[in-house]
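Here are the chains, one letter per residue:
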Amino acid sequence: MKCEELLAMLNEYVDGPIDPGICEAFEKHLAGCNPCQVVVDNIRQTITLYKNGQPYELPQEFRKHLHTVLRQQFVKQAHR
Ligand SMILES: [Zn+2]
């Protein structure tokens, strides 16, 4: 898996559950890629913070925000 693929997958992570098979490839890439670890940590923290005491469903605006962040990361990775 490449960084670009992982970041593209994060878009799905924001929208809902990921296929467990995909998750494995995801974790494998993460284990060996520090820049992606940082990105995923940020996204996970943001989602966890939001979920605390809030409904599980992410509001449209929040999802849009995450997608924007992901797109920026995606562009950064692609031009490394
Ligand atoms: Zn990576």
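Nothing here was measured: the structure is a model prediction, and the numbers come from that model.

A.B. asks: What exactly am I supposed to notice about the overall build of the chain here?
C.D. replies: Assigned secondary structure in the chain consists of four helices and zero strands. For the chain, the N- to C-terminal ordering of α and β elements is α-α-α-α. Of the contacts formed within the chain by residues at least 6 apart in sequence, a portion of 62% connects residues at least 24 apart.

A.B. asks: Explain the coordination of the zinc ion here, please?
C.D. replies: Reference values for angles at a metal are 109.5 degrees in the four-donor tetrahedral case and 90 or 180 degrees in the six-donor octahedral case. Note on the zinc ion: its protein donors are Cys3 (SG), His29 (NE2), Cys33 (SG) and Cys36 (SG). The metal-donor distances range over 2.0 to 2.3 Å. Around the zinc ion, the four donor atoms are arranged such that angles at the metal cover 105 to 114 degrees; this shape is classified as tetrahedral. Motif for the zinc ion, donor spacing along one chain: C-x25-H-x3-C-x2-C. By the burial criterion, His29 is buried, and Cys33 matches it.

A.B. asks: Can you help me understand the nonpolar core in this one?
C.D. replies: One broad rule of soluble globular proteins: the nonpolar side chains tend to lie buried together. Among the nonpolar cores identified, the biggest contains 16 residues, and Leu6, Leu10 and Phe26 are the most heavily contacted of them. Those elements giving two or more residues to this core turn out to be helix 1 (3-15), helix 2 (20-31), helix 3 (34-51) and helix 4 (60-78). What Phe26 contacts, discounting residues up to four positions off in sequence, is Met1, Leu6, Met9, Leu10, Val40 and Arg44.

What counts, and where the lines are drawn
- Residues numbered from 1 in each chain as written.
- Predicted model: local features only at pLDDT ≥ 70, side-chain atom pairs only at ≥ 80, totals over all residues.
- Heavy atoms only, no water.
- Helix = DSSP H or I, 4+ residues; strand = E, 2+ residues; numbered from the N terminus.
- Contact = heavy atoms within 4.5 Å.
- Donors = N, O, S within 2.8 Å, 3.2 Å for Na, K, Ca; no water.
- Tetrahedral: all angles 85-135°; square planar, octahedral: opposite > 155°, others 65-115°.
- Buried < 20%, exposed > 50% of the residue type's maximum accessible area, 1.4 Å probe, protein only.
- Core = buried A, V, L, I, M, F, W, Y, C linked by side-chain atoms within 4.5 Å.

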